[in-house]
Amino acid sequence: MFACFFAGSSLLLFAFIYWRATVFETNRIDALITEDARTLASEDQDAILALINTHVTGDFHRVGYAALFAPNGNRIAGNLEGVPPGLPIDGKVHVVSAARTDLPAMGAIDVRLAALRIANGNILVIGRNGQYMVVLREVVMHALTMGAIPAMGLALGAGMFLAWRTQQRLKEVHRAAERIMGGEVHERLPIAGVGPRDELDRLSLLFNGILDETERLLGEIKATGDEIAHDLRTPLTRVRARLERTLKGDMGPEETRETVGKAIGGLDQALAIITALLRIRELENSKRQRGFTTLDPAEVILLIEELYQPIAETKDIAFTVDIAPVPPMFADRDLLMEAVGNLVDNALKFTPPGGRVTLALGPREGDGATVIRVADNGPGIAAHERDLVFSRFYRSDRTRHLEGTGLGLSLVAAIARLHGMAPRVGDNNPGCVVELAAEGAIAPRAPVPATPAV
Amino acid sequence: MDIDTFDDQGWPPVTSKAHILLIEDDRETADEIIRDMADRGYMISHADNGRVGLERAREGKYDLKYDLLILDRMLPEVDGLSIISQLRAEDVPVPVLFLSALNDVDERVRGLKAGGDDYLTKPFVLSELSARVEALLRRPAEPRTTRLRVGPLELDLISREANRDGRPVELLPREFKLLEYLMRHPAQVITRAMLLEDVWNYRFSPQTNLVDVHIGKLRRKVDAPGDFPMIYNIRNVGFVLREPQ
């Protein structure tokens, strides 16, 4: 297809060149003939005869015509039998049929001639045949065969190759897509590999990106399903065992009461897991910023400090808060408080007595982005687990025995994302540091209402 | 925990005999609520769809107006939000407690804006519901008062000073707010969630025993050694402040 277009366009190009060259050459020849005729006509008879002779004898290519005729049409000199019929004597170039006397074998052919009457009444005819046109055509044809035909062949070949290759690649993509649809979620669309990316590669890369994300989500959903089942089964199994023991009825009233109380505690934990799950889903689906106002994050930090300082004291943990001035933030106060509270709650839960927890707010060195950071010197999080802690239900093996929904950090991550903040976990040597950085700080999408919504 | 602990059942609400209308379409949830409320001594009526519920709420029962509405957010025929808007438009002042499966913050705000007085998300614990019901039934407790008094305990809301039997009790600002909240709801079970929401404006269930620690600190200041205790722990539910016995 492409090759055909290429061949067609090169043919057109050659035709155009040929046409323009012909027109140009014809005009040039005609101008020469007219000029020659006019120059000759201005000479006297003897000079004209001499010039006609030189013209005819000097014309080795046999392309020139020159003759002088008496007013009655009899030839005086030159290589034409007579004034060709149909040639007006007006000094302009016309195409007429004529034969030359010095080369009878040629016969009558179309010749460009001009005739004009000189001072003594005789008729001067001068011109050239179309031989140059033949030469020109030959040159063009030659150029065509030497240049255009190989070029066309090349184009045709290249075009066919490209078309074939594209088709092969499309077939591969098609096959890969069919395998993916058939359930092979690890499969990816093929990329041509080296060299600059073409459109097909870029499209494939885009689709592969979508597939990566989908696979990640699928994996997360699957893992979440397993984890939900596991995390719910543990407390529910305990509840069941306790109730069964109570049903046997061989406990005293005090023991019965205590066992039922513990069973209720187990059910509460199961309920807390479900509530937290629903809340995360709600936050993740939420595009809303209705509760958002412009606030000073320091207020939230101070509230959290006040809320958690007593429990740090009872656990004998040094809880310090460090606030540097930062610009106001566009945030939901309740949600921000929940996120920071969750981080501090976690840090206090995992840090052993005598440990240290710090909560810091301030601009980051370099880009000045507002960062909320909670650091502790507790057991910390292993490097390979750091990315996982923000996914639902992830709990380090070391902390699995501790009570909790295992959803706290997922909740924090969901809130952070809603605020355009990036959650990050790092090493505090020893211990753990969690950062919420307002990198792509979000601006109000709509004008903030004059009266705060809270 | 160094706080004297009692069980929930040991504290019959002083608001019993109040008349409650429950509008809830889920049969089992309704049964549980009705049984629990009846056990606590309340008179409770039930409507299982929004239209009937609205009519009942308007007219009362035997010309007796209801003292409180427990209203499900999603109902057949007329939904909870429409019922409350309708009642408020007709100047029916009955306190309303919303029940909803939707935990969305927006839903909560919408429910309270429409005229609801409290909002509880399903699933909930029955003792949480009854604590909130009692808090709503006791309102309003003289909101413009400048001094609160429960037995020997006195709180001056203007000078922000507290004393017990004339002995000053030194309180931090948030402890003052916490004690004020307890004293505005004397002899009444207050849940941890209620304290977090109303004292700290904090909607999040901490994994740590945060509230207990704050209450413990407050109690050590209020109940000095040798005093009769005034702040009690109610097992699995919350706390109560009452006159020493």
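Predicted model only: the values in this text are computed from it and were never measured. (Residues numbered from 1 in each chain as written. Chains lettered and ligands numbered in written order. Predicted model: local features only at pLDDT ≥ 70, side-chain atom pairs only at ≥ 80, totals over all residues. Heavy atoms only, no water.)

Some words on the packing of aromatic side chains
In this structure the tally under the stated criterion is four aromatic pairs over all chains. An angle of 45° between the planes, with centres 6.1 Å apart, marks the rings of Phe98(B) and Tyr119(B) as tilted. Within this pair, whereas Phe98(B) is found in strand S5 (residues 96–100), its partner Tyr119(B) is found in strand S6 (residues 118–121), the two being separated by 21 residues in sequence. Residue Phe98(B) shares its accessibility class with Tyr119(B), and that shared class is buried. Directly above the ring of Trp19(A) sits Arg20(A), whose terminal nitrogen or CZ lies 5.2 Å from the centroid. (Phe/Tyr/Trp six-rings, centres within 6.5 Å; stacked < 30°, edge-to-face > 60°. Helix = DSSP H or I, 4+ residues; strand = E, 2+ residues; numbered from the N terminus. Buried < 20%, exposed > 50% of the residue type's maximum accessible area, 1.4 Å probe, protein only. Lys NZ or Arg CZ within 6 Å of the ring centre and 35° of its normal.)

A word on a negative patch on the surface
A cluster of like negative charges, contributed by Asp25(B), Asp26(B), Glu28(B), Glu32(B) and Asp48(B), occupies part of the molecular surface. Here Glu32(B) is to be found in helix H1 (residues 27–39). (Patch = residues over 30% accessible without salt bridge, like charges linked within 9 Å, V, L, I, M, F, W, Y side chains within 5 Å. Areas by Shrake-Rupley, 256 points an atom, 1.4 Å probe, with all protein chains shown as cover. Salt bridge = Lys/Arg side-chain N within 4 Å of Asp/Glu carboxyl O. Lys, Arg positive; Asp, Glu negative; His and termini not counted. Charge placed at Lys NZ, Arg CZ, Asp CG, Glu CD.)

A word on helix H6 (residues 173–184) of chain B
With 12 residues, H6(B) ought to run about 16 Å at 1.5 Å a step, and its terminal C-alpha atoms sit 16 Å apart, in line with that. For H6(B), a buried count of nine out of 12 residues is recorded, marking the element as mostly surrounded by other parts of the structure. (Expected span 1.5 Å × (residues − 1).)

Some remarks on the sheet that holds strand S10 (residues 370–376) of chain A
Residues and elements named next belong to chain A. Strands sit in the order S7-S9-S10-S12-S11 across an open sheet of five strands; the sheet is mixed. Looking along the sheet, the strands with just one partner apiece sit at the ends: strand S7 (318–323) and strand S11 (422–427). Each adjacent strand pair in this sheet contributes to an overall mean axis angle of 15°, direction not counted. Strand direction decides the pairing type here: S7 and strand S9 (residues 356–363), joined by six bridges, are parallel. Counterpart to Asp322 in the pairing with S9 is Ala360. Along the sheet, helix H7 (residues 333–350) contacts S7, S9, S10 and strand S12 (432–437); its crossing angle with S10, the most-contacted strand, is approximately 20°. (Pairing = 2+ DSSP bridges. Axes fitted to C-alpha atoms, helices over the stretch in contact; angles between N-to-C directions. Contact = heavy atoms within 4.5 Å.)

The values are spatial; any link to function lies outside them.
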